[in-house]
Every structure is written in C-alpha cells, then in structure tokens.
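What follows is the residue order along each chain.
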Amino acid sequence: GPGAESLSIAAESVRRILNRMDALPRKEREALLLSAVEELSTAEIAAVLSTSESSIRSRLFRARHALALMLANDEKTPRPGRQS
C-alpha cells in the first residue's frame, strides 16, 4: 500500500483543495461538492438544488475553473519551509 509520506502528501492536497473550495461562492461550492463528493449526475444535482441542468453545468465549470486557478496560484507562491 501507499507509504506514510505519500499519504501525508495526499492529505495535504485534500486540505488545500477543501480550503480553497471554501472561497467559492455558495452555489458553485454546493454543485461541486454534490458532483465530486456525492458523485451525483448533473440531472441529480439540478433536482436537488431545484434548478436547470444548464445552470448546474455552468456552476460546475465556474467552480472547477476558479479552483484550478487558485491551486495553480498556490503552487507559484512560496510557503515558509518550502524550497522554490
């Protein structure tokens, strides 16, 4: 199985993603959580949130795009104790 170091790196990555998700607008965060964590389809998310599938597709696109930009920016910003 995976070693302790790789599990630690994976846990840190998950923490970073969850922290960044908190910065997303509520509607986008809800859609992304239902998709990524609950593994619901676009149609199922639309039903849960009482909106259209096209609205959910837009929310998911915006959420993923914003999250990717935030995480990419994190990679460019040196953190204390981390070599550049």
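Since we're looking at a predicted model, the values are computed, not measured.

A. Up close: the overall build of the protein chain. Helix and strand counts for the protein chain stand at four helices and zero strands. Reading the protein chain from its N end, one meets helices and strands in the order α-α-α-α. In terms of its C-alpha atoms, the protein chain occupies a principal-axis envelope of roughly 45 × 30 × 15 Å. The 84 residues of the protein chain split such that 21% are buried. The long-range fraction of contacts in the protein chain, counting pairs at least 24 apart against all pairs at least 6 apart in sequence, stands at 50%.

B. Region of interest: unusual backbone geometry. Backbone geometry places E39, a non-glycine residue, at a positive phi of 60°. Along the polypeptide, E39 turns up in the loop between α2 (26–36) and α3 (42–48).

C. Broad picture of the side chain of R59. Within the element layout of this structure, R59 appears in helix α4 (residues 53–76). Put simply, R59 is tucked away with no salt bridge, and the nearest opposite charge, on E30, sits 5.1 Å away. Here R59 is in contact with K27, E28, A31, L49 and T51, once residues within four sequence places are set aside.

D. Quick peek at the packing of helix α1 (residues 4–21) against α4. At a closest axis distance of 10 Å, the pairing of α1 and α4 adopts a crossing angle of 125°. Compared by their axis directions, α1 and α4 come out oblique. At the point where α1 passes α4, the crossing takes the right-handed sense. Of the residues in α4, those in contact with R16, I17, R20 and M21 of α1 are L67, M70, L71, D74 and E75. Taken together, the residues of the contact of α1 with α4 break down into five nonpolar, no polar and four charged.

E. Inspection of the pattern of salt bridges at higher detail. This structure, assessed with the given rule, holds six salt bridges. Put simply, R15 and E12 hold a salt bridge, and the shortest N to O gap is 3.1 Å. Of this pair, R15 and E12 both sit in helix α1, separated by three residues, roughly a single helical turn. Within the structure, one salt-bridge network assembled from shared partners comprises R16, R20 and D74.

Analysis parameters
- Residues numbered from 1 in each chain as written.
- Predicted model: local features only at pLDDT ≥ 70, side-chain atom pairs only at ≥ 80, totals over all residues.
- Heavy atoms only, no water.
- Helix = DSSP H or I, 4+ residues; strand = E, 2+ residues; numbered from the N terminus.
- Buried < 20%, exposed > 50% of the residue type's maximum accessible area, 1.4 Å probe, protein only.
- Contact = heavy atoms within 4.5 Å.
- Lys, Arg positive; Asp, Glu negative; His and termini not counted.
- Salt bridge = Lys/Arg side-chain N within 4 Å of Asp/Glu carboxyl O.
- Axes fitted to C-alpha atoms, helices over the stretch in contact; angles between N-to-C directions.
- Parallel < 35°, antiparallel > 145°, perpendicular 65-115°, else oblique.
- Left-handed = near helix turned anticlockwise from the far one by under 90°.
- Nonpolar A, V, L, I, M, F, W, Y, C, P; charged D, E, K, R; others polar.

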